[in-house]
Amino acid sequence: MQMEGWKLELFYQIMINANAILKYVVKKHKMQLKPTLNVDIEKFKKMETLNLKLHRQVEEIQKLENVELPKLEKELKNIRGFFKGKQKRLLQQEIESCKKNINIGKGNLQEMVHKQGYKDIEIFLKVYFESERATEQWKKEKHAEKESIIEKLKELKKEASLYKQNIKQYKSRER
C-alpha cells in the first residue's frame, strides 16, 4: 500500500486473500469436536444399580441351587432307619422351602426388571450392555483427546524452544 498509494480495490483484494488464507489455516488446525455421550447418565446409573441388584439376586439363587439344595437332598438320601420318619419330613419341608425360595428369587428378578420399565431380563441386559459400551467408548475417546492435547502442547513447546534458539543465533550473528 505504501508503493501503490490509496487504492481501495487493491486493499479489498488483499483483505479477501488474507481472509481466505486465514480460513484455510483455521480449517487445517481446527480441533475436533469433543466426544459426546449418547446415553443419559442418570438412566445409566439406575441401570447399573439394577444390574448390581440382579447379580446379587442371581448369586443368592445359585447358592441355593448349587449348595443348599444338593446338601439337603444328600442328607435326605443318607437318612435310613425305621424311626427317622420325622427327620425325613423335616428335611423334605426344608427342601420344598428351598425350592420355593429359588422360585421366589427368580420371580423377583422379573419383577425388578418390570419395575424399571423393561419387558424382560434379556431386553434389559441388551440395553444395559449397549449403554455400557457407549460409555466405555466415550471414556476412551475423552482419554485419547487428553493425550492428543498433551502431545500438541509438547510439540508447541519444542517449536517455541527452536524459535528461541533461532532468535538467539540471529542476535549473536548481528553482534
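Definitions and limits used
Residues numbered from 1 in each chain as written. Predicted model: local features only at pLDDT ≥ 70, side-chain atom pairs only at ≥ 80, totals over all residues. Heavy atoms only, no water. Helix = DSSP H or I, 4+ residues; strand = E, 2+ residues; numbered from the N terminus. Buried < 20%, exposed > 50% of the residue type's maximum accessible area, 1.4 Å probe, protein only. Contact = heavy atoms within 4.5 Å. Areas by Shrake-Rupley, 256 points an atom, 1.4 Å probe, with all protein chains shown as cover. Expected span 1.5 Å × (residues − 1). Bend = angle between axes of the 7 residues up to and from the residue. Salt bridge = Lys/Arg side-chain N within 4 Å of Asp/Glu carboxyl O. Core = buried A, V, L, I, M, F, W, Y, C linked by side-chain atoms within 4.5 Å. Phe/Tyr/Trp six-rings, centres within 6.5 Å; stacked < 30°, edge-to-face > 60°. Axes fitted to C-alpha atoms, helices over the stretch in contact; angles between N-to-C directions. Parallel < 35°, antiparallel > 145°, perpendicular 65-115°, else oblique. Left-handed = near helix turned anticlockwise from the far one by under 90°. Patch = residues over 30% accessible without salt bridge, like charges linked within 9 Å, V, L, I, M, F, W, Y side chains within 5 Å. Lys, Arg positive; Asp, Glu negative; His and termini not counted. Charge placed at Lys NZ, Arg CZ, Asp CG, Glu CD. pLDDT = per-residue confidence, 0-100.

Caption draft 1: Representation of the overall build of the protein chain in the model. Of the regular secondary structure elements, the protein chain holds four helices and zero strands. Reading the helices (α) and strands (β) of the protein chain from amino to carboxyl end gives α-α-α-α. A total of 175 residues make up the protein chain; the buried ones form 14% of that total. Contacts spanning at least 24 positions in sequence make up 70% of the contacts within the protein chain whose residues lie at least 6 apart. Accessible surface computed for the protein chain: about 15700 Å², of which carbon and sulfur atoms make up 55%.

Caption draft 2: How the structure looks around helix H2 (residues 41-78). With 38 residues, H2 ought to run about 56 Å at 1.5 Å a step, and its terminal C-alpha atoms sit 54 Å apart, in line with that. Of all bends in H2, the biggest is about 35°, found at Leu-64. Those residues of H2 not exposed but buried are Phe-44, Met-47, Leu-50, Asn-51, Leu-54, Gln-57, Ile-61, Leu-69 and Leu-72.

Caption draft 3: Highlighting the pattern of salt bridges. Scanning the entire structure with this criterion turns up two salt bridges. The closest approach of N and O atoms between Glu-65 and Lys-106, which form a salt bridge, is 3.1 Å. Of this pair, Glu-65 sits in helix H2 while Lys-106 sits in helix H3 (residues 85-115), and the two are 41 residues apart along the sequence. What makes Glu-65 partly exposed here is its relative accessible area of 29%.

Caption draft 4: Spatial organisation of the nonpolar core. One finds Leu-54 and Phe-124 to be the most contacted residues of the largest nonpolar core, which totals 19 residues. When contributions to this core are tallied by element, the ones reaching two or more residues are H2, H3 and helix H4 (121-174). Look past the residues within four positions of Leu-54 in its chain and what remains in contact with it is Leu-109, Met-112, Val-113 and Phe-124.

Caption draft 5: Fine view of the packing of aromatic side chains. Across all of its chains, the model carries four aromatic pairs by this definition. Look at Tyr-118 and Phe-124: their rings are 5.2 Å apart centre to centre, the planes differ by 65°, and that puts the pair in the edge-to-face class. When sorted by exposure, Tyr-118 lands in the same class as Phe-124, which is buried. One aromatic cluster is present, built from ring pairs that chain together Phe-44, Tyr-118, Phe-124, Tyr-128 and Phe-129.

Caption draft 6: Summary view of the packing of H2 against H3. Look at H2 against H3: their axes get within 10 Å of each other, and the N-to-C directions meet at 165°. The pairing of H2 with H3 is recorded here as roughly antiparallel in orientation. Between H2 and H3 lies a crossing whose hand is left-handed.

Caption draft 7: Spotlight on H3. Between its first and last C-alpha atoms H3 spans 44 Å; for 31 residues at 1.5 Å apiece the expected length is 45 Å, and the two agree. Listing the buried residues of H3 in full gives Leu-91, Ile-95, Cys-98, Ile-102, Gly-105, Leu-109, Met-112 and Val-113. Remark: Gly-117 follows H3 within two positions and exhibits a positive phi of approximately 95°.

Caption draft 8: How the structure looks around a negative patch on the surface. A cluster of acidic residues, Glu-147, Glu-151, Glu-155 and Glu-159, forms a negative patch on the protein surface. Here Glu-155 shows up in helix H4.

Caption draft 9: How the structure looks around the confidence of the model for the protein chain. Taken residue by residue, the protein chain gives an average pLDDT of 82. The fraction at 70 or more is 87%. Put simply, H4 is where the protein chain has its lowest mean pLDDT, 79, and H3 is where it has its highest, 91.

Caption draft 10: Looking closely at a nonpolar patch on the surface. A contiguous nonpolar surface patch, about 320 Å² in accessible area, is contributed by Ile-21, Tyr-24 and Val-25. Mapped onto the secondary structure, Tyr-24 falls in helix H1 (residues 8-29).

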